[in-house]
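# Coordinates in review
One letter stands for each residue in the lines below.
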Amino acid sequence: MESEMEMSMENCNVNASGVISREIGEINLAYMLLAQKLVKQDRAEAMFRLGVGRELADLLANMSLSQIVKLAASNFLLCSFRLDDRPMFAVVGEGKEPALQQAHMSILMTARQAQRQAQLREAGAAAA
């Protein structure tokens, strides 16, 4: 009886894991297709919105559908959320005017991107 219950629990875990992997794949595919669409429409804006550099933007723009589908099938989430620090959460709080929220979010994202580019320049200078 106990082993049947253990097997049942194990099957539930395997099924849940399969469902989660499939759902991650669906999110990855939607994200990759959206990212590619953004890059093809306006590369500079896409780089800013997605937080990616020129090299990755070029790679995204030139990927075939089959390459995107294959990459999206990973069970690792390919996109990352930027609401990972307190200032970002503070910007999107309730009761704030949407235009002001958007302006604050743009300032934070621009600062973050500038910081990332400075880090890349420093890493390039250190490697040279």
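The paragraphs below set out a description of the structure included in this document. Counting of residues starts from 1 at the beginning of each chain's written sequence and follows it residue by residue. Since the coordinates come from a predicted model, pLDDT governs what is reported: local features require at least 70, and pairs of side-chain atoms require 80 or more to be given and counted, while whole-chain, interface and lining totals use all residues. As a rule here, side-chain values come from all non-hydrogen atoms in the structure, and water together with hydrogens is ignored.

Moving on, we get to the overall build of the protein. Secondary structure summary: the protein contains six helices and zero strands in total. Counted from the first residue to the last, the protein has its helices and strands arranged as α-α-α-α-α-α. Accessibility here uses a 1.4 Å probe with only protein chains present; expressed as a share of the type maximum, an area under 20% marks a residue as buried, one over 50% as exposed, and anything in between as partly exposed. In the protein, buried positions account for 19% of the 128 residues. Residue burial considers only the protein chains on display, and all accessible areas are found by Shrake-Rupley using a 1.4 Å probe. In the structure as shown, the protein presents an accessible area of about 9800 Å², 60% of it carried by carbon and sulfur atoms. A run of H or I in DSSP counts as a helix once it spans at least four residues, and a run of E counts as a strand once it spans at least two, with each numbered from the N terminus.

Below, the discussion takes up the side chain of Asn28. Inspection of the secondary structure assignment puts Asn28 in helix 1 (residues 2-41). Whenever two N or O atoms come within 3.5 Å, that pair is a polar contact, provided that in protein one can donate a hydrogen and the other can accept it, and provided that, for residues adjacent in sequence, both atoms are side-chain atoms. At a separation of 2.9 Å, a polar atom in the side chain of Asn28 contacts the main-chain carbonyl oxygen of Phe76. Residues within four places of Asn28 in sequence aside, it is in contact with Ala72, Ser74, Phe76, Leu77, Leu78 and Cys79. Contacts are assigned to residue pairs that have any heavy atoms within 4.5 Å of one another.

In this section: the packing of helix 2 (residues 43-50) against helix 3 (residues 54-62). Axis definition: a line fitted to C-alpha atoms, limited for helices to the stretch in contact. Angles are taken between N-to-C directions and run from 0 to 180 degrees. Remark: helix 2 packs on helix 3, axes separated minimally by 10 Å, with the N-to-C direction vectors making an angle of 110°. In terms of their interaxial angle, helix 2 and helix 3 are classed as roughly perpendicular. The handedness of the crossing between helix 2 and helix 3 is right-handed. Two secondary-structure elements touch here, helix 2 through Arg43, Met47 and Leu50 and helix 3 through Arg54, Ala57, Asp58, Leu60 and Ala61. When its residues are assigned to classes, the contact of helix 2 with helix 3 shows five nonpolar, no polar and three charged. Between 65 and 115 degrees an angle is taken as roughly perpendicular, under 35 as roughly parallel, over 145 as roughly antiparallel, and anywhere else as oblique. By convention the crossing between two helices is left-handed if the near helix lies anticlockwise of the far one by an angle smaller than a right angle, and right-handed if it lies clockwise. In this classification, Asp, Glu, Lys and Arg are treated as charged, Ala, Val, Leu, Ile, Met, Phe, Trp, Tyr, Cys and Pro as nonpolar, and every other residue, Gly included, as polar.

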